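Structural features, examined
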Amino acid sequence: MKLVAVTSIREGAGKTTLAVNLACGLARGGYPVAIVDMGRDSAARRWLEKLSGLPSGLALASWEELRQGIDERAGVAVVDLELTDPPGAEVLARADVVMAVIGFAGDMPDRDELDRIERKVQSIRQKETGIDLVVPNRVNPREWKENENKLMTLIEVWGEERIANPVPG
């Protein structure tokens, strides 16, 4: 099973939106997927419970179930993860991919905060890279000058190859 951790540095960045859509998209593509909601407010679980039916192949699971290998049916587990919660360290250490959503609307973290987060995730994962993919969210293409500075900060910290394209071409 591949483990994808979806996290964010700040609340409201879009982590749950990305986690739920990634899990549903993979399930609709024929992959067996377990989604684990480790958010403080259980937003992913509430969102999925409002659907008229989960896509075939998608199951809600707990971290404990995945940890104990109970849900072996899943080929991919998507974990909606609060970066600062204690169980998060175990998820990050086991994750095959760590995706971090950075919200551009409002107060984006500064370079020092981004560096601290990267070092923290590196130390937990014991890898050269901490976060595998940074997903800029809530980017307004009409405010390109302001966004350009934010994108350059992300590139300086993580490198261009780890930044998802914020403006689809």
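Now for a description of the structure that goes with this document. (Residues numbered from 1 in each chain as written. Predicted model: local features only at pLDDT ≥ 70, side-chain atom pairs only at ≥ 80, totals over all residues. Heavy atoms only, no water.)

**With respect to unusual backbone geometry**
We count it as follows: The numbering of helices and of strands both runs from the N terminus, where a helix is a DSSP run of H or I of at least 4 residues and a strand a run of E of at least 2. The buried label applies to any residue whose accessible area, calculated with a 1.4 Å probe on protein chains only, is under 20% of its type's maximum; exposed applies above 50%, and partly exposed to all values in between.
For Q126, which is not glycine, the phi dihedral falls at a positive 55°. Relative to the elements of secondary structure, Q126 occurs in the loop between α5 (111–125) and β6 (133–137). Relative accessible area serves as the criterion here: at 72%, Q126 is assigned to the exposed category.

**Looking at the layout of surface pockets**
Filter applied, for reference: Cavities and pockets were defined on a 1 Å grid built from protein atoms only: a cavity is a group of points that admits a 1.4 Å probe but offers it no way out, a pocket is an open group of points flanked by protein on both sides within 12 Å along at least five of seven lines, and a lining residue is one with an atom within 4 Å of any such point. Grid points are joined across faces, edges and corners, and a volume is the space filled by probe spheres set on the points.
When its volume is computed, the largest pocket comes out at roughly 370 Å³. Around the largest pocket, the lining comprises 19 residues; the ones closest to its centre are S8, E11, G12, K15 and E82.

**Points about the sheet that holds strand β1 (residues 2–8)**
Where strands meet in a sheet, backbone hydrogen bonds hold them as pairs that are either parallel or antiparallel. Note the cut-off: By definition, two strands form a pair when at least two bridges between them are found by DSSP. Geometry is summarised by axes, namely lines fitted to C-alpha atoms with helices restricted to the contacting stretch, and by angles between N-to-C directions that run from 0 to 180 degrees. In this analysis, two residues are considered to be in contact whenever any of their non-hydrogen atoms come within 4.5 Å of each other.
The sheet built from 6 strands is open, its strands ordered β3-β2-β4-β1-β5-β6 with parallel pairing. Edge positions in the sheet fall to β3 (58–61) and β6, since each has one partner strand and no second. Strand-to-strand twist of the sheet, defined as the mean angle between neighbouring strand axes without regard to direction, takes the value 20°. Alignment of strand β2 (residues 33–38) against β3, held across 4 bridges, turns out to be parallel. Bridge pairing in β3 links A34 to A59. Sheet strands in contact with helix α1 (residues 15–28) are β1, β2, β3, β4 (76–81), β5 (97–103) and β6, and its direction is about 165° off that of β4.

**Some remarks on the packing of α5 against helix α6 (residues 144–158)**
Relative orientation and spacing of two packed helices are given, respectively, by the angle between their axes and the distance between those axes. Rule in force here: Two helices that cross are described as forming a left-handed crossing if the nearer one is turned anticlockwise from the farther one by less than a right angle, and a right-handed crossing if clockwise. Gly counts as polar in this scheme, as do all residues outside two lists: the nonpolar Ala, Val, Leu, Ile, Met, Phe, Trp, Tyr, Cys and Pro, and the charged Asp, Glu, Lys and Arg.
Where α5 meets α6, the closest approach of the two axes is 10 Å, and the angle between their N-to-C directions is 35°. Every pair of crossing elements has a handedness; the one defined by α5 and α6 is right-handed. Residue-level contacts link R111, L114, D115 and E118 of α5 to T153, L154, E156, V157 and W158 of α6. Tallied by class, the residues present in the contact of α5 with α6 amount to 4 nonpolar, 1 polar and 4 charged.

**Quick word on the pattern of salt bridges**
For the record, the criterion: Salt bridges are defined by distance alone: a side-chain nitrogen of Lys or Arg within 4 Å of a carboxyl oxygen of Asp or Glu.
According to the stated counting rule, one finds 8 salt bridges in the structure shown. Note that R111 and D115 form a salt bridge whose closest N and O atoms lie 3.3 Å from each other. Placement of the pair is R111 and D115 together in helix α5, with a separation of 4 residues, close to one helical turn. A cluster of three or more residues bridged by salt bridges with shared partners is formed by K15, D80 and E82.

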